[in-house]
Amino acid sequence: MDAAARGGDELPAARPHPDHGRRPAQGGETRQPRTRPHHPLSSRCTGTGAEMDSAAMYTDTSRRVKFCVAHPGCTAQIHVIADPLLTLSLPPTLTAWTGMDAVTHAIEALSVDSYHPMCDGIALESLRLMHTWLPAAVADGSDVAARSHMLAASAMAAVAFQKGLGAVHGLSEPVGAVHNSQHGLTNAILLPHVLRANRAAIEPKMDLAATYLGLPPPPPGYATTDGGFERVAAWLDTLAEQLQIPATLAEIGISDETAEECAAKAVANPTGFTNPLPFDAEMYSGVFRAAVEGRDRGRLQ
């Protein structure tokens, strides 16, 4: 039996067995798996719920592209040990980054434009738990209650995203492949920009989220509205600041020089195909540049 720890970039890579078939994430060939018994995986999760997914991910560093590995055995013989005591040593930065990855999972799953009330309900409850317990887990890593609730919330968000993800992951995965940036951190920086780009298509879902979380009206600097979108946007901005998430890609060493490369790879990335609005290369490039510069994030400019 194998044991895998950590979340975000590390845990998905621990799942595949050498004989698993490969499902390309951005084109290319597919190998059929050989029929050979394989061993189960005991997964000790710390933040993003990757142990709940049916595929694993790896980076082709020569092509600077992320690919998925899938096989029926990826789920059939996995045993998950969600023990909060195994997560107590995770440092505050990684707790924040993997936590924001889980927040992004729940927001994007809820936003997918397909009928799945069960996934939507799970996403909403995941967000409620993280609204309360993610700041607590970052502030005090020894808080077993906070760690326990975050394990549950991250797993729930991963169940919800079986419905699909969106343009945050569609772009974050190429950015991570090109720049080797931490996945959850990259998601956290991109999230507010994609949220606003998707606004026209997701306002009803953000109304649900704002009501379920009991979010207050947005502070001065946000658009005045009776809907929930600005309340969710303000909450996410405040949460990112509280967790000391950098406001721009530039702050983690990423310039706009690779905007076109990352945008082209994002268009080809199936992870973004379920975004509530279709994104072309121009839209992805615009989000990338806005995230580098910090414009159009949250508060009105």
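Use the structure listed above.
Residues numbered from 1 in each chain as written. Predicted model: local features only at pLDDT ≥ 70, side-chain atom pairs only at ≥ 80, totals over all residues. Heavy atoms only, no water.

> Which residues make up the overall build of the protein, and what are the values?
The number of helices and strands found in the protein is 11 helices and six strands. In the protein, of all internal contacts separated by at least 6 residues, the share reaching a separation of at least 24 is 76%. For the protein, the computed accessible surface area is about 12800 Å², with 56% contributed by carbon and sulfur atoms. (Helix = DSSP H or I, 4+ residues; strand = E, 2+ residues; numbered from the N terminus. Contact = heavy atoms within 4.5 Å. Areas by Shrake-Rupley, 256 points an atom, 1.4 Å probe, with all protein chains shown as cover.)

> So what's going on with the pattern of salt bridges? Residues and values would help.
Think of it this way: side chains of opposite charge can pair up when their charged atoms draw near. Under the definition given, this model contains nine salt bridges. Ionic pairing is found between aspartate 256 and arginine 289, a salt bridge with its closest N-O pair at 3.5 Å. Of this pair, aspartate 256 sits in the loop between α9 (229-242) and α10 (259-267) while arginine 289 sits in helix α11 (residues 281-293), and the two are 33 residues apart along the sequence. We classify arginine 289 as partly exposed; its relative accessible area is 25%. Overlapping salt bridges, with partners in common, bring together Arg196, Arg199, Glu203 and Glu230 in one network. (Salt bridge = Lys/Arg side-chain N within 4 Å of Asp/Glu carboxyl O. Buried < 20%, exposed > 50% of the residue type's maximum accessible area, 1.4 Å probe, protein only.)

> Give a detailed account of the pairing of strand β5 (residues 65-70), specifying residues and quantitative values.
The buried count for β5 comes to five of six residues, which makes it a mostly enclosed element. The sheet contact formed by strand β4 (residues 55-60) and β5 spans six bridges and is antiparallel. If you follow methionine 57 over to β5, its bridge partner there is cysteine 68. The hairpin formed by β4 and β5 contains four residues between the paired strands, and arginine 64 there has a positive phi angle of roughly 55°. (Pairing = 2+ DSSP bridges.)

> I'd like a description of the packing of aromatic side chains, backed by residues and values.
Considering all chains together, one arrives at one aromatic pair under this definition. Between phenylalanine 279 and tyrosine 284, the aromatic rings sit 5.1 Å apart at their centres with planes inclined by 65°, giving edge-to-face as the arrangement. Note on accessibility: phenylalanine 279 and tyrosine 284 belong to one class, buried. (Phe/Tyr/Trp six-rings, centres within 6.5 Å; stacked < 30°, edge-to-face > 60°.)

> Report on the packing of helix α8 (residues 199-213) against α9, specifying residues and quantitative values.
At a closest axis distance of 7 Å, the pairing of α8 and α9 adopts a crossing angle of 70°. When the axis of α8 is compared with that of α9, the two are roughly perpendicular. Along the contact surface, α8 presents Arg199, Ile202, Glu203, Met206, Asp207, Ala209, Ala210, Thr211 and Leu213, while α9 presents Phe229, Glu230, Arg231, Val232 and Trp235. For the contact of α8 with α9, the per-class residue count stands at eight nonpolar, one polar and five charged. (Axes fitted to C-alpha atoms, helices over the stretch in contact; angles between N-to-C directions. Parallel < 35°, antiparallel > 145°, perpendicular 65-115°, else oblique. Nonpolar A, V, L, I, M, F, W, Y, C, P; charged D, E, K, R; others polar.)

Read these as geometric descriptors, not functional statements.
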